[in-house]
Amino acid sequence: MDFVIVRDGLREIYVEKGCIKEIILNPRVYGVPGAPQDILGILFHEDMPVVIRRIGDGEPVCAVIMNGQQESRWGIAGEPAGEESIHSEGLVHVMPGIWEKCSDKTEQQGV
């Protein structure tokens, strides 16, 4: 499979290229008061609100907008760290289109 690697702090995830709608550098993300800790905020993309999830504890420099079903949009924040073609057997599926390398804490964290 072909992946884009996204890093946020010490956490690194693998996003399937076919599931990415767009990568936005230096996005304007608006915080949402009272949102869960894993929600960074929302941004507007193509006149639609997009919920942006936090994957780590770093300072995100991009938003990866995922292809949603029935025009729903969501994304993750982080820092692009490259591209890689690898087999998914060494990865854990944590969300639609998003994988992480296997580790003891992967199962507990989720995205």
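In case you missed it, the structure is sitting above this.
Quick caveat: nothing in here was measured; it's all calculated off a predicted structure.

Student: Which residues make up the pairing of strand β4 (residues 39-45), and what values do they have?
Tutor: In terms of strand pairing, β4 meets strand β5 (residues 48-54) through 6 bridges, oriented antiparallel. Across the sheet, the residue bridging to isoleucine 39 is arginine 53, located in β5. Taking the residues between adjacent antiparallel strands as the criterion, β4 and β5 are bridged by 2 residues, where glutamate 46 takes a positive phi near 55°.

Student: I'd like a description of the packing of aromatic side chains, backed by residues and values.
Tutor: This structure, assessed with the given rule, holds 2 aromatic pairs. Their ring planes at 85° and their centres at 5.9 Å tell us that phenylalanine 3 and tyrosine 14 sit as a pair that is edge-to-face. Here phenylalanine 3 is found in strand β1 (residues 2-8), whereas its partner tyrosine 14 is found in strand β2 (residues 11-16), with 11 residues between them in sequence. The buried category is assigned to tyrosine 14, whose relative accessible area is 2%.

Student: I'd like a description of the pairing of strand β7 (residues 74-85), backed by residues and values.
Tutor: Where β1 meets β7, 6 bridges bridge the pair, whose relative direction is antiparallel. Note that in β7 the partner of valine 4 across the bridge is glutamate 83. Sheet topology note: the β5/β7 ladder contains 4 bridges and is parallel. Its bridge partner being in β7, arginine 54 is matched across the sheet by alanine 77. Relative to β7, strand β6 (residues 62-66) runs antiparallel, the two being bridged by 5 bridges. Note that in β7 the partner of methionine 66 across the bridge is tryptophan 74.

Definitions and cut-offs
The residue numbers shown here count from 1 along each chain, following its written sequence. Local features in this predicted model are restricted to residues whose pLDDT is 70 or higher, and side-chain atom pairs enter the listing and the counts only when it is 80 or higher, whereas totals over whole chains, interfaces and linings include all residues. Working from all heavy atoms in the structure, the side-chain values ignore hydrogens and water. Strands are treated as partners if at least two bridges between them are detected by DSSP. What counts as a helix is a DSSP run of H or I of at least four residues, what counts as a strand is a run of E of at least two, and both are numbered from the N terminus. Any Phe, Tyr or Trp ring, taking Trp's six-membered ring, that has another such ring centre within 6.5 Å forms a pair; planes under 30 degrees apart are called stacked, those over 60 apart edge-to-face, and the others tilted. Burial classes: relative accessible area under 20% of the type maximum marks a residue as buried, over 50% as exposed, and values in between as partly exposed (1.4 Å probe, protein chains only).

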